[in-house]
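# Structural description and commentary
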Amino acid sequence: MSIPANLKYTKDHEWVSIEGDVATVGITHFAQKELGDIVYVEVETLDQTLSKDEVFGTVEAVKTVSDLFLPLTGEIIAFNEDLESAPETVNSDPYGAGWMIKIKIADASEIESLLSDEAYKELIGA
């Protein structure tokens, strides 16, 4: 199972890539595999500032709907609009073209609470 070492992770199976004060967020390979075929990604929080662990959207698969939790406090500055017409990209490329949102980080100290790739592997038993 693919768990890139250059990313941070949450216990809710989101991955986070940090560049300066912007974080790109998506769901992990493990999460997309557990969900199954993804048919819809909904994010109605664009341009809103949310706190860490608040729900920023939902992902709908054939068999379930799951909330998406914000890994860091900040303003949601971008949504991957390609997912509107091709939500299955989350299944085929969860760490690349399947990214979901970008956040302008409000509190950089929260980054320390994210999991390393090793800690995430331990969490999922990989």
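Residue indices begin from 1 for each chain and proceed along its sequence in written order. Per-residue local features are limited, in this predicted model, to residues with pLDDT of at least 70; the limit for side-chain atom pairs, both in listing and counting, is 80 or more; totals at the level of whole chains, interfaces and linings are taken over all residues. To obtain the side-chain values, all non-hydrogen atoms of the structure were used and water was disregarded.

## Considering the overall build of the protein chain
Formally: Counting from the N terminus, the helices are the DSSP runs of H or I reaching at least four residues and the strands are the DSSP runs of E reaching at least two. Note on classification: 1.4 Å probe, protein chains only; a residue is buried when its accessible area is under 20% of the maximum for its type, exposed when over 50%, partly exposed between these limits.
In terms of helices and strands, the protein chain carries 4 helices and 9 strands. Listed N to C, the secondary structure of the protein chain is β-β-β-α-β-β-β-β-β-α-α-β-α in terms of helices and strands. Dimensions of the protein chain, computed from the C-alpha atoms along their principal axes, are close to 35 × 35 × 20 Å. When burial is assessed residue by residue, the protein chain has 48% of its 126 residues classed as buried.

## Some words on the UniProt feature "modified residue: N6-lipoyllysine" (unreviewed entry) in the protein chain
Formally: UniProt positions are given in the numbering used here, feature names are shortened, and annotations may be inferred rather than shown by experiment. Two residues qualify as a contact provided that any one of their heavy atoms is within 4.5 Å of a heavy atom in the partner residue.
Using the residue numbers shown here, the UniProt feature "modified residue: N6-lipoyllysine" (unreviewed entry) corresponds to Lys63. Mapped onto the fold, Lys63 is located in the loop between strand S6 (55–61) and strand S7 (65–69). Given a relative accessible area of 62%, Lys63 falls into the exposed group. Excluding residues that lie within four positions of it along the chain, Lys63 makes contacts with Glu34, Leu35 and Gly36.

## A short note on the sheet that holds S6
The line we're drawing: At least two bridges found by DSSP between two strands are what make those strands a pair. In this analysis, axes come from line fits to C-alpha atoms, helices being fitted only over the stretch in contact, and the angle between any two N-to-C directions falls in the range 0 to 180 degrees.
Sheet architecture is open: 3 strands sit in the order S4-S6-S7, paired in antiparallel fashion. The sheet terminates laterally at strand S4 (38–42) and S7, the two strands that pair on one side only. Pairwise comparison of adjacent strand axes, ignoring direction, gives a mean angle of 25 degrees for this sheet. Across 4 bridges, the pairing between S4 and S6 is antiparallel. Across the sheet, residue Glu42 finds its bridge partner in S6, namely Thr58.

## With respect to the pattern of salt bridges
Test applied: Salt bridges, as used here, are contacts in which a Lys or Arg side-chain nitrogen is within 4 Å of a carboxyl oxygen on Asp or Glu.
Going through the model one piece at a time under the given rule, you end up with 2 salt bridges. In this structure, the salt-bridge partner of Asp21 is Lys104, at a minimum N-O distance of 2.4 Å. With Asp21 in the loop between strand S2 (14–19) and strand S3 (22–27) and Lys104 in strand S9 (residues 101–105), this pair connects stretches of sequence that are 83 residues apart. What makes Lys104 partly exposed here is its relative accessible area of 38%. Notably, a salt bridge pairs Lys121 with Glu118, separated by 3.6 Å at the nearest N-O pair. Residue Lys121 and its partner Glu118 are both found in helix H4 (residues 117–124); the two are separated by 3 residues, about one turn of the helix. On the accessibility criterion, Lys121 (26% relative accessible area) is partly exposed.

## Looking at unusual backbone geometry
Residues other than glycine seldom take positive phi values, yet Asp47 does so here, at roughly 70 degrees. Within the secondary structure, Asp47 is located in the loop between S4 and strand S5 (49–50).

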